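Observations on chain architecture
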Amino acid sequence: MSSANISNKTKLKGEAMLCLAAIIWGTAFIFQKMGMEHIGPFTFTLFRFGIGALAMIPVMFFSDRVKRGKSEPIMSCSNRTLLLGGFLVGLANFGASALQQIGIVYTTAGKAGFLTAMEMVMIPFFLVFLHRKVHGLTWLGVVVATIGMYLLCMRGGFSMAIGDLLCLGGALGFAIQILIIDCFVERVDPIKLAFFEFAVTAGCSLIFTLILEDIVMADIIACTVPLLYTAILEVCVAFSLQMIGQQYAPPAIATIIMSFESVFAALSGVLFLHEVMTGRGVAGCIIMFVAFMIAQIPEMREDIQ
C-alpha cells in the first residue's frame, strides 16, 4: 500500500501504534534486565516468545471471526507467502533478540538502549542499497535523532566492549527484521505473520537453550513477572502493533518512531526506579522529538499536494 493511497487518519493510526509499541519496549528493558538475574538469555528468549506465540492463538481466532463477520477474506495459516515471511522474520528476530539479551548482561541499560536503536541509522543505508528513495529530510532526522539518543543514553566517553558489540549486532538484526516485515506485511495477515515470527523465534531459542543452558523450574518460577510482562506486553502486544503499524508507515519513518523506546526507557527509569533525568537527558528527549518532526516533513508535503 503506497503512502499516496493512505489517508492522513490512517497514517496517524499506524504511527500511534508504532509509538505505543515503543513505549512498551522502553519499559521492557527493566524487566529484561531483571530476567537475567534468574535465567540465561536463550532460556529467557525461549519462554518470552513461546508464551507470546501461545497468547497470539486466541488473538488470531478473534481476528478471523471479526473478518468473517465483515465478509473479509481470511488467509490460511498454510499460505506459502505467510510461512516464508514468518520464517524469515522469526529468524532475524531470534538473532537480534538473542544478541540484545546477551549484550544486556555485559553493558549498561543506557548503552544497550542507544546501541539497539542504531537500527534507525542502518535502515536508510539498507534502503539505498535496495534502490529505494530516502528523502534528504529523513536522513537529517536520523542524524538529529542519533544525537538526541546519545545525549539521553550515554554517560561519559564512548568505548566498545563485548556487550556493546553484541547489542550493535542486535540492532543490525532488528534493522533486517523491519525490512523483511516491510516486504511481507502488505501481502499477508499481520497477526498471523506475528504468530509465526514468535513461534520461529521460540523454536530457534529452544535449540540453543538445550545445547548451552539448563532449564531449572525454580529459576523459571522466580522469573515469572519479567517473563509474563515481556511475553504478553512486549512480544504479543508490541510486536503485533509493529506489524500492523508498518502497513501505514515507510520503514525509515517507522524506525525513527520505534527508536523512541530509548526515551521511554529513560522515563520508566525515572518513574519506576527513581532514577534522575539530567538536563542532558531532557535535551536528548527534546532533540529526538524534533528529529521525528523533521522526518515527517516529506510526508506532510505529500499530503498537502
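Predicted model only: the values in this text are computed from it and were never measured.

This part takes up the side chain of T209. Tracing the backbone shows T209 in helix 8 (residues 190-212). By relative accessible area, which is 1% here, T209 ends up buried. Separated by 3.4 Å, the side chain of T209 and the backbone nitrogen of T43 make a polar contact. For T209, the residues in contact, after removing those within four places along its chain, are F42, T43, L46 and I215.

The subject of this paragraph is the packing of helix 3 (residues 80-106) against helix 7 (residues 162-184). Where helix 3 contacts helix 7, the two axes come as close as 7 Å, and the packing angle between them is 160°. With respect to their mutual orientation, helix 3 and helix 7 come out roughly antiparallel. The way helix 3 lies across helix 7 gives a crossing that is left-handed.

This part is about the side chain of E213. Along the chain, E213 turns up in the loop between helix 8 and helix 9 (217-222). In this structure, E213 is buried with no salt-bridge partner, the nearest side chain bearing the opposite charge being R48 at 12 Å. Setting aside chain neighbours within four positions, we find E213 in contact with G40, P41, F42, T43 and F208.

Here V142 is to be found in helix 6 (residues 136-153). Residue V142 is classed as buried on the basis of its relative accessible area, which comes to 4%. Placed 149 residues apart in sequence, V142 and A291 show a C-alpha to C-alpha distance of 6.9 Å.

Judged by side-chain polarity, L206, L210, I215, M217 and I221 come together as a nonpolar surface patch covering roughly 500 Å² of accessible area. Contributing elements (two or more residues each) for the nonpolar patch: helix 8 and helix 9.

Before going further, it helps to examine the environment of A283. Relative to the helices and strands, A283 is located in helix 13 (residues 279-304). Since its relative accessible area comes to 30%, A283 is described here as partly exposed. In this structure, the C-alpha to C-alpha distance between A283 and L151, residues 132 residues apart in sequence, is 7.2 Å.

How each quantity is defined
- Residues numbered from 1 in each chain as written.
- Predicted model: local features only at pLDDT ≥ 70, side-chain atom pairs only at ≥ 80, totals over all residues.
- Heavy atoms only, no water.
- Helix = DSSP H or I, 4+ residues; strand = E, 2+ residues; numbered from the N terminus.
- Buried < 20%, exposed > 50% of the residue type's maximum accessible area, 1.4 Å probe, protein only.
- Polar contact = N/O pair within 3.5 Å; in protein donor to acceptor, adjacent residues only side chain to side chain.
- Contact = heavy atoms within 4.5 Å.
- Axes fitted to C-alpha atoms, helices over the stretch in contact; angles between N-to-C directions.
- Parallel < 35°, antiparallel > 145°, perpendicular 65-115°, else oblique.
- Left-handed = near helix turned anticlockwise from the far one by under 90°.
- Lys, Arg positive; Asp, Glu negative; His and termini not counted.
- Salt bridge = Lys/Arg side-chain N within 4 Å of Asp/Glu carboxyl O.
- Patch = residues over 30% accessible without salt bridge, like charges linked within 9 Å, V, L, I, M, F, W, Y side chains within 5 Å.
- Areas by Shrake-Rupley, 256 points an atom, 1.4 Å probe, with all protein chains shown as cover.

The values reported here are purely geometric and, on their own, carry no functional implication.
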